[in-house]
Amino acid sequence: MKTSPKEIFPKAKSGIEGLDEITEGGLPKGRPTLICGSAGCGKTLMGVQFLVKGITDYNEPGVFVTFEETAKDLTSNVQSLGFDLDKLIKENKLRIDHIHIEKTEIQETGEYDLEGLFIRLNYAIDQIGAKRIVLDTIESLFGGMDNATLLRSELKRLFQWLKDKGVTAIITGERGENTLTRQGLEEYVSDCVILLDFRVIDQIATRRLRIVKYRGSTHGTNEYPFLIDESGISVLPITSLKLDHKTSKEILSYGHEQLDRLFGDNGFFRGNSTLVTGSAGTSKTILASYFAISSCKRKEAVLFFSFEESPDQLTRNMLSVGINFKPFVKSGFLQIHSSRPSLTGLEMHLLAIHKLVTQYKPKTVIIDPISSLVTVGNSSEVRAMLVRLMDLLKVNQINAFFTDIFENSRMLLINCCI
């Protein structure tokens, strides 16, 4: 039996949700990966998460070498994300080494020798048996060098030393004006290059990630939105899934007897998408609420995303028509998430929904209304976002219920339209 190329090329799982899917298995094992981007895009955090997840999920000790922040500052900065670096250090699974380099000293001597750095790296790696290492950032290490030939030689020497040591390395670098990095050379000697971008369009901020190159492996080539929240970094592939999901023949109720009678099978197939469209005041949200309660009564979890009403307002308004959300919210079968569409961009909304679906594992997802999303994107962008969302829901056999103002209903292809 022949071994596939994916089995031949060794990879180390990053532990970052979505990134391993994009890289088709993780970062190149025993090789250096360059992560570059502008200030505030998440380079250092990605390096920290790579080490922490390596320790906690894959039992691979790690070394973090910082040329800018002290160990105390780094530990304090990531503590709010749930990363307890002090605990890992005490367990002898993590080592943080702060190396201060004065650029003027490099310029004065006119010489540059990495032997001292190699000795420190070698000691730190051997002390805990590290399998992973992060160098943050490389500009601090080579910032005082003007000789491009010498710089490239020393970069290759550093990267080769890391390869010979057999550690999976992440090296962070700052974005240049017309190049991926300040020096414009690091990307050529790296086996894998990941570009992080933090952009603001129409006053809405979005973080995106792109795999620029990956020697010896195929990978996703699109731009992917990523989110930084209380649990760290998570990435969402934006390419739609293949239309090969399985379908169910199980019939479920909409939660309203007269509405069920409108359908020959007295309901809808599990995993279907339903769109309720109409002008303002035509009871779209009420029908969505019946749908939510019906799922809760089957003891199936529901995620209700509201873009116009707060959870308390929605709960109060539904009580006026005899729908009581409170028992199901208290029991955990119903979660209501409310936010203005303008809070983030479309892809960040998609990523947030994707993350909640993964964590909460609902059987029903309701979005009320999708027409509000037009305020942060045009019709084609909203449609593309919703198609990707439906791909996710259909693959997981999740019932979807959307409401929409009548004139926007043509944006979405669904199984049933009311």
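As a reminder, the structure under discussion sits directly above these lines.
Just so we're clear, the structure is a prediction, and the values are computed from it rather than from any experiment.

**Quick word on the overall build of the protein chain**
Each helix and strand in the protein chain was counted, giving 16 helices and 19 strands. Counting across all 418 residues of the protein chain, residues that qualify as buried make up 52%. For the protein chain, the computed accessible surface area is about 20,000 Å², with 50% contributed by carbon and sulfur atoms.

**Some details on helix α15 (residues 346-360)**
Taking 1.5 Å as the rise per residue, α15 with 15 residues should run 21 Å; its terminal C-alpha atoms sit 21 Å apart, in good agreement. Burial runs high along α15: 12 of the 15 residues are buried. Those residues of α15 not exposed but buried are L346, E347, M348, H349, L350, L351, I353, H354, K355, L356, V357 and Y360.

**A few points about the packing of α15 against helix α16 (residues 379-395)**
Contact geometry for α15 and α16: axes closest at 10 Å, N-to-C directions at 15 degrees. Accordingly, the angle class assigned to the pair α15 and α16 is roughly parallel. Regarding α15 and α16, the two cross each other, and that crossing is right-handed. Of the residues in α16, those in contact with L346, E347, H349, L350, I353, H354 and V357 of α15 are E381, V382, M385, R388, L389, L392 and L393. Partitioned by chemical class, the residues of the contact of α15 with α16 number nine nonpolar, two polar and three charged.

**So, the pattern of salt bridges**
Enumeration over the complete set of coordinates arrives at 14 salt bridges. The shortest N-O distance in the salt bridge between R132 and E60 comes to 2.6 Å. One end of the pair, R132, is in strand β6 (residues 132-136); the other, E60, is in the loop between α3 (43-58) and β4 (62-66), and 72 residues separate them in sequence. Under the relative-accessibility criterion, R132 is labelled buried at 1%. What makes E60 buried here is its relative accessible area of 14%. Among the charged side chains, a salt-bridge network with shared partners connects R31, K163, D191 and R215.

What counts, and at which threshold
- Residues numbered from 1 in each chain as written.
- Predicted model: local features only at pLDDT ≥ 70, side-chain atom pairs only at ≥ 80, totals over all residues.
- Heavy atoms only, no water.
- Helix = DSSP H or I, 4+ residues; strand = E, 2+ residues; numbered from the N terminus.
- Buried < 20%, exposed > 50% of the residue type's maximum accessible area, 1.4 Å probe, protein only.
- Areas by Shrake-Rupley, 256 points an atom, 1.4 Å probe, with all protein chains shown as cover.
- Expected span 1.5 Å × (residues − 1).
- Axes fitted to C-alpha atoms, helices over the stretch in contact; angles between N-to-C directions.
- Parallel < 35°, antiparallel > 145°, perpendicular 65-115°, else oblique.
- Left-handed = near helix turned anticlockwise from the far one by under 90°.
- Contact = heavy atoms within 4.5 Å.
- Nonpolar A, V, L, I, M, F, W, Y, C, P; charged D, E, K, R; others polar.
- Salt bridge = Lys/Arg side-chain N within 4 Å of Asp/Glu carboxyl O.

Any link to function would need more than the numbers given here.
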